[in-house]
Amino acid sequence: MPNEREKKKRLPLADMLKTWEFTIFMLLIAVFVINLILSPDLFRVANLFDATLTFTEKSILTLPMALLIISGVIDISVASISAMSGVILGVCYKAGMAIGYATVIGLAVGLSAGLLNGVIITRLKIPSIVVTLAMMLFYRGVGYILLGDTAVRDLPQRFGLLGGAYSSTFIPIQFMIFILLAVIFGFLLHRTRFGRLIYIVGNNENTARYSGVRVDRIRLILCGVTGLIAGLSGILLTSRIGSARPDIAQGNEMAVITICLLGGVYIFGGKGSIIGVVIAALMIGYVHYGLSILNVQEQVIRIFTGGLLIIALLIPTIASRFRASVKHRRGGS
Amino acid sequence: MKKSIVLCVCVVLLFGASLLFAGTPPKGEATKAKGGGPFTLAWVPKGLGHPYFISCYEGAKEAAKEFGDKIFEVGPDDWSVEGQITVIESVIDQKVNAIGIAANDMDALAPVCKKAMEAGIPVVAWDAAVNQSARVTFVNQASFEGIGRGLASAMGEVTGYKGEIAVLSATPQAPNQRKWLSWVMEELKDPKYKDVKLVDVVYGDDMTEKSYDKALGLIKAYPNLKGIIGLSAVATPAACAAVTDKGLIGELKIVGFGIPSTMKDYVLEGTCQKFLLWNTMDLGYVAATIMHKCCTGEFTGKVGETIKLGRPTMGEPDGVYEVTVGEDGDPYVLLGPPMEFDKSNIEKWAAIF
């Protein structure tokens, strides 16, 4: 898009103001300001970091999910992978394995689950939403089969630190992991050749194929990475609640996809940025925190989040319609 | 890509700005002296919108009103462990004076309840306990043994001590469900139940529709089924509805937990012969009273400590409760024996709750 680049050179600031990232960044600021007004005493920095504990597990998952969606694939089995990884970690620990090794196995389970998704999607050419819907049920089922009605309790104290839960560190470890991963994924997507290929694949799969891009390999790698991070997310959650359970992370896949869309990732692929997703994750997290600190009931918070997404998705459409109609009127007169 | 760098800078600035705001110490809450009042009590049920928990909250409100405390109810809408953890996190940040919780999981809620205790907020468990290390005390609605054996013997009575029976429970992880179930099984080992066969235990997740479907599943899978024990106040009416819809009134008998107002019709038409329940309003009342006394420092949860209520309850006509040691060795407060409801007294209680 040479045209756009030219424009950017001329008016960088005006162009930036029009970006989606800027819009939701303004929304994020609005969320902070409203929260500060509504509960000035409570919205303090220690609380702010503390509050990240309740949404970091979802937030770290939005990063690989964004890449995956940009490349034109979606994975809705991530929450089930999280639960399965957590459960297998618990089972390994119960079987007498050291917690460190059990954690590595949990991550490996996530990675292999993601790769399995990727292989089925790319080799069998089945739409990813169908494949991962099936795998969502499958992985969740594995968790339930392994632990059944029970939960693995008494995980060691130091493992609990990983989830950042109630540790003495000012910034929770979880949140540091999120920031680190955001930088890595941002670099990968926006600064490397691999990142550019992701956009190309998502923009037009066929063109990419004809130009010699190894579409399937890219998607397979991204599926694997998503699985790995889903495993990490499950392990962090397991660590935070101090017990491995098969029923954790229910509904996280939808929360993660919501954040991605809100962050400006185009659901049919080809568009999106990491910074947008990071801002969206913080925004959703603090909207939730701000509302729950006011004791707004959970059902209402859900309506709020849904409304926010609809509004966010409508803004560009309305804006472009508005622009078109203005152009039309000018052209007509 | 300059814009992303600019945005990064903005985010950092924003955090910086909030740091400045953060400098001001919290007013009010921190300076509130212990022993005074009024206190702010957070009431956290397993989930929202259930008649059982609504009636518990009624009792809690009564106690709070007595002391002039402010009480509010927050809970997860999806009845999940994670939802409940988030709720507790937010009430800790609000610096409430005490938390009363019906835990969705004994262990998973423990870390966050411990965090509350470390922040100086006493945690009183009611209905379903959290680990001993993460609570001041637990108001137990009834001893697990009494309930479990009571349900099994009621089942034996109505079925004439023979035939196939099944249990419809809520969730497999909930500690109270597990313990009741194990005591039901323990009672069934008695020789007088030698002709009674427990064929299945199914879980309806405390959701009406799912419980109903599970009950229908039981009826289909076991044509000779003679009775279903409903282990929660959701499961029992759902099982009754399934039996009524299948036209099996009188052939398939239901006993279990129930709330008088929702069970009234089923008892009167004969679907449910008998059900047990403690007085839920008393449960809320006792728990909220203890929460208040924890705030004032009058109550510390030690074994042998007694507590005097503002009014008599169904279990303790003199309104005095004592901390005792439970089956698992942890101290708790026992609400008293459960009540039995049948045709003779249902109408009176249905009008109350």
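Computed from a predicted model, the values in this text were never measured in an experiment.

Right, let's get into the overall build of chain B. A tally of helices and strands in chain B yields eleven helices and 14 strands. Among the 353 residues that make up chain B, the fraction classed as buried is 58%. Pairs at least 24 residues apart make up 69% of the contacts formed inside chain B by residues separated by at least 6 positions. Summed over its atoms, the accessible surface of chain B is roughly 13,800 Å², and 56% of this surface lies on carbon and sulfur atoms.

The next thing to look at is empty space enclosed by the protein. A full pass over the atoms with the stated rule returns two cavities of 30 Å³ or more. There is about 90 Å³ of room inside the largest cavity. Lining the largest cavity are 13 residues, with Ser292, Val296 and Glu298 of chain A together with Val74 and Val87 of chain B positioned closest to its centre. Of all the secondary-structure elements, those providing two or more residues to the lining of the largest cavity are helix H15 (274–293) and helix H16 (298–332) of chain A together with helix H3 (81–93) of chain B. Along the lines of polarity and charge, the residues of the lining of the largest cavity split into four nonpolar, eight polar and one charged. Its boundaries defined by the atoms lining it, the second largest cavity holds a volume of some 30 Å³. Taken together, Thr54, His288, Tyr289 and Ser292 of chain A together with Thr86, Glu89 and Ser90 of chain B form the lining of the second largest cavity. Put simply, the parts of the chain that give the lining of the second largest cavity at least two residues each are H15 of chain A together with H3 of chain B. Taken together, the residues that form the lining of the second largest cavity break down as one nonpolar, five polar and one charged.

Residues and elements named next belong to chain B. Under the criterion given, the structure shown has zero disulfides over all chains. We note that cysteine 113 lacks a disulfide partner, and the nearest cysteine sulfur, in cysteine 294, lies 13 Å from it. With no disulfide partner, cysteine 272 has as its closest neighbouring cysteine sulfur the one in cysteine 240, 4.6 Å distant.

It is worth spelling out the domain arrangement of chain B at this point. All names here are of chain B. Its domain assignment divides chain B into domain 1 (33–141 + 280–336) and domain 2 (144–277). Each of domain 1 and domain 2 has a C-alpha centre, and these two points are 29 Å apart. Tallying the contact residues gives 15 residues for domain 1 and 14 residues for domain 2. If you look at where domain 1 meets domain 2, you find zero salt bridges. Where domain 1 packs against domain 2, one counts zero residue pairs in polar contact (both at pLDDT 80 or more).

What counts as what
- Residues numbered from 1 in each chain as written.
- Chains lettered and ligands numbered in written order.
- Predicted model: local features only at pLDDT ≥ 70, side-chain atom pairs only at ≥ 80, totals over all residues.
- Heavy atoms only, no water.
- Helix = DSSP H or I, 4+ residues; strand = E, 2+ residues; numbered from the N terminus.
- Buried < 20%, exposed > 50% of the residue type's maximum accessible area, 1.4 Å probe, protein only.
- Contact = heavy atoms within 4.5 Å.
- Areas by Shrake-Rupley, 256 points an atom, 1.4 Å probe, with all protein chains shown as cover.
- 1 Å grid on protein atoms, 1.4 Å probe; cavity = no way out; pocket = protein on both sides within 12 Å on 5 of 7 lines; lining within 4 Å.
- Points joined across faces, edges and corners; volume = space filled by probe spheres on them.
- Nonpolar A, V, L, I, M, F, W, Y, C, P; charged D, E, K, R; others polar.
- Disulfide = S-S within 2.5 Å.
- Domains from an automatic or database assignment.
- Salt bridge = Lys/Arg side-chain N within 4 Å of Asp/Glu carboxyl O.
- Polar contact = N/O pair within 3.5 Å; in protein donor to acceptor, adjacent residues only side chain to side chain.

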